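# Notes for the structure review
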Amino acid sequence: MTLEEIKIRQLTNQHIIIPADKLTVVRDLCGIQSQFMVNVMHSLKIRCTDYDENTMKDGLVKNWTVRGTVHVFAEDDLPLFMHCNDGKDYRRNEWNGYTFWNQRDKWALTPERQKYFSEVILTVLKDGPRTREELKEVCRINGMTEEEESSMFDPWGGGIRELCERGFMHYVVQEKKAFCLSPEFVPIPEKQAKLELARRYFTHMAPATIHDAMYYFHTSASQVKEWLSALPVKAEECEGKTYYCIENGNIYGGNIPKCIFLAGFDQLMLAYDKKESLYLKPENMRGIFNLSGIVMPAIMLGGQVVGKWKKKNKKLSIEVFSDVSKKEKALIKDKAEALWSDISSIDFA
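Below you will find a few notes about this structure. No experiment lies behind these values; they were computed from the predicted model shown.

### What about the layout of surface pockets?
Approximately 960 Å³ is the volume attributed to the largest pocket. Contributions of two or more residues to the lining of the largest pocket are made by helix H8 (158-165) and helix H9 (190-204). Estimates place the volume of the second largest pocket at around 630 Å³. If you list the elements that add at least two residues to the lining of the second largest pocket, you get helix H3 (37-45), strand E11 (304-312) and strand E12 (315-320). Among the elements that make up the lining of the second largest pocket, the one with the highest residue count is H3 (five residues). By residue class, the composition of the lining of the second largest pocket is 13 nonpolar, four polar and six charged.

### Brief notes about the pattern of salt bridges
One pass over the full model with this rule turns up 20 salt bridges. Notably, a salt bridge pairs Glu236 with Lys234, separated by 3.5 Å at the nearest N-O pair. Judged by its relative accessible area of 29%, Lys234 is partly exposed. The partner of Glu319 in a salt bridge is Lys308, and the shortest N-O contact between them spans 3.9 Å. Highlighted residues: Glu319 in strand E12 and Lys308 in strand E11, separated in sequence by 11 residues. By relative accessible area, which is 38% here, Glu319 ends up partly exposed. Linked through salt bridges whose partners overlap, the residues forming this network are Asp77, Glu196, Arg199 and Arg200.

Calculation rules
- Residues numbered from 1 in each chain as written.
- Predicted model: local features only at pLDDT ≥ 70, side-chain atom pairs only at ≥ 80, totals over all residues.
- Heavy atoms only, no water.
- 1 Å grid on protein atoms, 1.4 Å probe; cavity = no way out; pocket = protein on both sides within 12 Å on 5 of 7 lines; lining within 4 Å.
- Points joined across faces, edges and corners; volume = space filled by probe spheres on them.
- Helix = DSSP H or I, 4+ residues; strand = E, 2+ residues; numbered from the N terminus.
- Nonpolar A, V, L, I, M, F, W, Y, C, P; charged D, E, K, R; others polar.
- Salt bridge = Lys/Arg side-chain N within 4 Å of Asp/Glu carboxyl O.
- Buried < 20%, exposed > 50% of the residue type's maximum accessible area, 1.4 Å probe, protein only.

And the structure:
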């Protein structure tokens, strides 16, 4: 298998060459990372046959999932991501034992106080979604101290995250941080759930190496090898590396698109080891993966990242990493105008 063939398979499996309906896309991609909703919207826009801004959020939820980051995914997949300690902690509002959070420095909530404020939050959510600030205010009214607030609403999750991970609630699928109650579901045992995620990965994001899967899942080589031994993968060799994939019935007869505007935190950038990326030259890596942990929206020409883009209001700004020809600039402009009907200006830097 050649590198171009691997790219065509990855781009096809990720629904960039062959789009699919929204729910198929989010399930196949194990959700879409969602630091910013504008990225989620664009990631779906370039992959979905049924993209509609008015209905995009239907059937989707937002919560902490793969790599401990927040993703938008299908509501039906809540059991896949919320393991709830193999179901033993599902909707259990008791906090006497050890948790990752209550062992941290400056954790101010006793088990009793955490239970009390969890009940306060869940009760108010019965009346509908509430923003993070609204939940803070309700807790303050009910006696929460400043120190307790810093624990329950820790910027990295805290007590709110624990309620989400125990199946009580999740983020509303929108830019502004708000929460709502989750529908009831039966958790899947963690080992079984992770094997299913690995199956989806090697079916819909592969061909991929062991290093790629380690990077995507933030896990060990031994764990990836255990999954591979349990899955119907086949191996392909290319330039001294072994790539694994599961047959999915796709026909790989398409060509690499001439121009692609990828979303920020796009799965095409996140699904494979960035240091061994087939799409990004090493000297350009920091242009997309910056030191603050942001993955910038990338522009690809012929399967290679050549720059990044930013759209604000009706203005599109493009920063290229090397010289691009007039023909290539025209190609980028044509693609931009096809994506956005409201573009008033396109500036190259």
